[in-house]
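Spelled out, the chains give:
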Amino acid sequence: LDLLVPWGMNLGTVGDDPLIQSADMRAKTRNVDGPFKRLPDGKPDLSGVWLNIGDAVGTRAPIALKPWAQAIADELTKIKQDNPGAYCLPQVAVPTLMHYPQRFVQGPDRIIQIMEDMDPSYRQIFMDGQPHPDPDLWNPSWYGHSIGHWEGDTLVVETTGFNEITPGFGVHSEALHIIERYTRISH
């Protein structure tokens, strides 16, 4: 029997659909109601495995690009380089937008976010009050440089220092600045 499996995001691996994996993990999860754990300092404990079970990535309206950025994006599409996930590169600048399992490991001075299906597969969120590094000394990267702070029970993450092509945000200048907010509402 000769089966043809189309090449795609999952490298042709049968059963490696992130939406199906997420639904399966959620269905097997127990005891999700009730209050969440807190750390000794009173902050919410975000440690654990997380899944984005929202709408599928790609259902959002495309981001409007300036003409210079659109020209670069068009060229990348023409040479079939518009999908970094097909090359095992990060697929979005904000890893929590993906539908793959992720683990948050929370320490006193940083939070580490570990992602399945991306390389590099981790991001550090510095929680020690340090500022972003001098842009002239920082080598722009897929995930940029993230610093976080708490506003009540909400973790606020500010990220800058991205390279010029950030999946999910298109082609952009070095001025890209992303702010994420995470609020845990239950266990």
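Everything that follows concerns the structure shown earlier in this document.
Residues numbered from 1 in each chain as written. Predicted model: local features only at pLDDT ≥ 70, side-chain atom pairs only at ≥ 80, totals over all residues. Heavy atoms only, no water.

Enquirer: So what's going on with the overall build of the protein? Which residues, and what values?
Expert: A tally of helices and strands in the protein yields 2 helices and 9 strands. Each helix (α) and strand (β) of the protein, taken in turn from the N terminus, gives the series α-β-α-β-β-β-β-β-β-β-β. Within the span of the protein, comprising 187 residues, buried residues form 34% of the whole. A separation of at least 24 residues holds for 50% of the contacts in the protein among residues at least 6 apart in sequence. (Helix = DSSP H or I, 4+ residues; strand = E, 2+ residues; numbered from the N terminus. Buried < 20%, exposed > 50% of the residue type's maximum accessible area, 1.4 Å probe, protein only. Contact = heavy atoms within 4.5 Å.)

Enquirer: I'd like a description of helix H2 (residues 67-78), backed by residues and values.
Expert: The end-to-end C-alpha distance of H2 is 16 Å, a good match for the 16 Å that 12 residues give at a rise of 1.5 Å each. Every buried residue of H2 is accounted for by Ala69, Ala73 and Leu76. For H2, the angular spread of the buried residues around the axis is 60 degrees, confining them to a single face. In this structure, H2 carries Pro67 and Lys78 as exposed residues pointing more than 90 degrees from its buried face. (Expected span 1.5 Å × (residues − 1). Arc of directions from axis to C-beta.)

Enquirer: So what about a nonpolar patch on the surface? Which residues, and what values?
Expert: Judged by side-chain polarity, Val105, Ile114 and Tyr122 come together as a nonpolar surface patch covering roughly 260 Å² of accessible area. Topologically, Tyr122 is positioned in strand S4 (residues 122-126). (Patch = residues over 30% accessible without salt bridge, like charges linked within 9 Å, V, L, I, M, F, W, Y side chains within 5 Å. Areas by Shrake-Rupley, 256 points an atom, 1.4 Å probe, with all protein chains shown as cover. Salt bridge = Lys/Arg side-chain N within 4 Å of Asp/Glu carboxyl O.)

Enquirer: Quick one: what's the story with the sheet that holds strand S9 (residues 178-183), residue by residue and with numbers?
Expert: Pairing in this open sheet of 7 strands is mixed, and the strands run S1-S2-S3-S4-S5-S6-S9 from one edge to the other. Two strands lie at the open edges of the sheet, namely strand S1 (48-50) and S9, each paired on one side alone. The average angle at which neighbouring strand axes cross in this sheet is 25 degrees, direction not considered. Pairing analysis gives 5 bridges linking strand S2 (residues 102-106) to strand S3 (residues 110-115), with the strands arranged antiparallel. Directly across from Phe104, in S3, lies its bridge partner Gln113. (Pairing = 2+ DSSP bridges. Axes fitted to C-alpha atoms, helices over the stretch in contact; angles between N-to-C directions.)

Enquirer: I'd like a description of the pattern of salt bridges, backed by residues and values.
Expert: Evaluated as defined, the whole model comprises 4 salt bridges. Across the pair Asp153 and Arg38 runs a salt bridge, and its minimum N-O distance is 2.7 Å. Within this pair, whereas Asp153 is found in the loop between strand S5 (145-151) and strand S6 (154-160), its partner Arg38 is found in the loop between helix H1 (18-27) and S1, the two being separated by 115 residues in sequence. Under the relative-accessibility criterion, Asp153 is labelled partly exposed at 31%. A relative accessible area of 42% places Arg38 in the partly exposed class. The closest approach of N and O atoms between Glu151 and Arg181, which form a salt bridge, is 3.1 Å. Of the two residues, Glu151 sits in strand S5 while Arg181 sits in strand S9, which places them 30 residues apart along the sequence.

Enquirer: Before we move on, can you summarise the packing of aromatic side chains with the specific residues and values?
Expert: Per the stated rule, a full pass over the model turns up 2 aromatic pairs. Here Trp50 and Phe104 contribute two aromatic rings whose centre-to-centre distance is 6.1 Å and whose plane-to-plane angle is 75 degrees, an arrangement assigned as edge-to-face. Separated by 54 residues along the polypeptide, Trp50 in strand S1 and Phe104 in strand S2 bring together distant segments of the chain. Considering the side-chain rings of Phe104 and Tyr182, the 6.0 Å spacing of their centres and the 65 degrees angle between planes classify their relative orientation as edge-to-face. Here the residue Phe104 occupies a position in strand S2, and Tyr182 occupies one in strand S9, the gap between them amounting to 78 residues. Grouped by ring-pair contacts, the aromatic residues Trp50, Phe104 and Tyr182 constitute a single cluster. (Phe/Tyr/Trp six-rings, centres within 6.5 Å; stacked < 30°, edge-to-face > 60°.)

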